[in-house]
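# Working through the structure, step by step
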Amino acid sequence: MLGPGVAWYLGVAAFLFGTGALGVLVRRNVLIVLLSLEIMLNGGNLALISFSRHAGNGAGQIFALAVMAVAASEVCVGLGLVVALHRRRLALDVDRLSELRG
Amino acid sequence: MLTLAVSAGGVLVWIVWVVAGFSCLASGVAVVSFSNPFYSALALIGNLGSLAVLYLLLSAEFVAAAQVLVYAGAVVVMFLFVIAYVGPRMEAPWAGGPTWQTLGAVLAAGALLTEIVVVIGLEAGGSLAHSAHVGADFGSPAWIGRVFLSDHLLTFEITSIVLLVAAVGGVILGSHTRRHDPGKRAHGVALEREPVGDPR
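Residues numbered from 1 in each chain as written. Chains lettered and ligands numbered in written order. Predicted model: local features only at pLDDT ≥ 70, side-chain atom pairs only at ≥ 80, totals over all residues.

## Some remarks on the interface of chain B and chain A
Interface size is commonly expressed as the accessible surface area that is lost when the partners come together. The interface is formed by 73 residues belonging to chain B together with 62 residues belonging to chain A. If you list the elements that add at least two residues to the side of chain B that touches chain A, you get helix H1 (2-33), helix H2 (37-57), helix H3 (61-86), helix H4 (100-124), helix H5 (141-148) and helix H6 (153-175) of chain B. Counting residues per element, the side of chain B that touches chain A draws most heavily on H1(B), at twelve residues. Per-class residue counts for the side of chain B that touches chain A are 53 nonpolar, 18 polar and two charged. (Contact = placed C-beta atoms within 7 Å. Helix = DSSP H or I, 4+ residues; strand = E, 2+ residues; numbered from the N terminus. Nonpolar A, V, L, I, M, F, W, Y, C, P; charged D, E, K, R; others polar.)

In structure tokens:
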């Protein structure tokens, strides 16, 4: 394997995951929370593909493709929720959407 | 001569890795820190593009192509359409100083990152040091297609069902929200039933 070892890629993946987690925890706009979730999923995908290359086993790449499909589904449902919230004139703020809180 | 060529190739891969990795991290931070979601979605395109370069370095050609097509081509475009539809809703991310919630979130994310990096660093000289040798067709579209339709056929089918269910759910979420508008609903029902209820 030319260039950097797999640990460097895993470091990038960990940083991406941490950045996305920070965005999900800190930001209040629903759209930016969804975008941060995408970053978390991409960090997970990068780790899967790094380990797939490291082990010489292709199952990691298959799993990464499945994660990609799940991310597309999540965006589909999440943006549907955002549009429904907008049509009911509700705020796109996760702290103010607390109707279901017990 | 051969070792010289290999080391030159290694340096080239290092340069590409540094550029792609740092643009990936920088655009990831930009997505989280922009106050306008439109700019965040645009920064996500840079993040996904540089991730595709990293996938190419890891000899995952098909996943890199799918990443560009599915994410930058479909997901980000859908995000941009929805952001244009709901209008720019600014939010000052760090307004009012750090609350205890923000502080806790930063601490939690920092602890998670430190934990993962320490584990990777402990293993970097051990089991992560030597990667396996793979053939030239590892990660190519033909290889992915063969593996997907033989060993991982169940994954393939379940993925298709998940996508179908999500598409149906998105359509239902997007179309049935008018039912909860009481004024319009009563008006519509009255208009529909008027000819039926009239005996003459």
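## Thoughts on unusual backbone geometry
Residues and elements named next belong to chain B. At serine 59, a position not held by glycine, the phi torsion is positive, near 50°. Residue position: serine 59 is located in the loop between H2 and H3. A tally of 20 C-beta atoms within 10 Å means that serine 59 is categorised as buried. (Buried ≥ 20, exposed ≤ 12 C-beta atoms within 10 Å, placed from the backbone.)

## Description of H3(B)
Between its first and last C-alpha, H3(B) extends 36 Å over 26 residues, near the 38 Å set by a 1.5 Å rise per residue. Along H3(B), the sharpest kink reaches roughly 25°, centred on Tyr71(B). Of all the residues in H3(B), the buried ones are Val63(B), Ala64(B), Ala66(B), Gln67(B), Tyr71(B), Val75(B), Val76(B), Phe79(B), Val82(B) and Ile83(B). Residues of H3(B) that are buried sit in contact with helix H2 (30-55) and helix H3 (59-87) of chain A together with H2 of chain B. (Expected span 1.5 Å × (residues − 1). Bend = angle between axes of the 7 residues up to and from the residue.)

## Some points on the packing of H2(A) against H3(A)
Residue and element names in this part refer to chain A. Contact geometry for H2 and H3: axes closest at 9 Å, N-to-C directions at 175°. On the basis of the axis angle, H2 is roughly antiparallel to H3. Residues Val30, Leu31, Leu34, Leu37, Glu38, Leu41, Gly44, Asn45, Leu48, Ile49, Phe51 and Ser52 of H2 pack against Ala59, Gly60, Gln61, Phe63, Ala64, Val67, Met68, Ala71, Glu74, Val75, Gly78 and Val82 of H3. By residue class, the composition of the contact of H2 with H3 is 16 nonpolar, six polar and two charged. (Axes fitted to C-alpha atoms, helices over the stretch in contact; angles between N-to-C directions. Parallel < 35°, antiparallel > 145°, perpendicular 65-115°, else oblique.)

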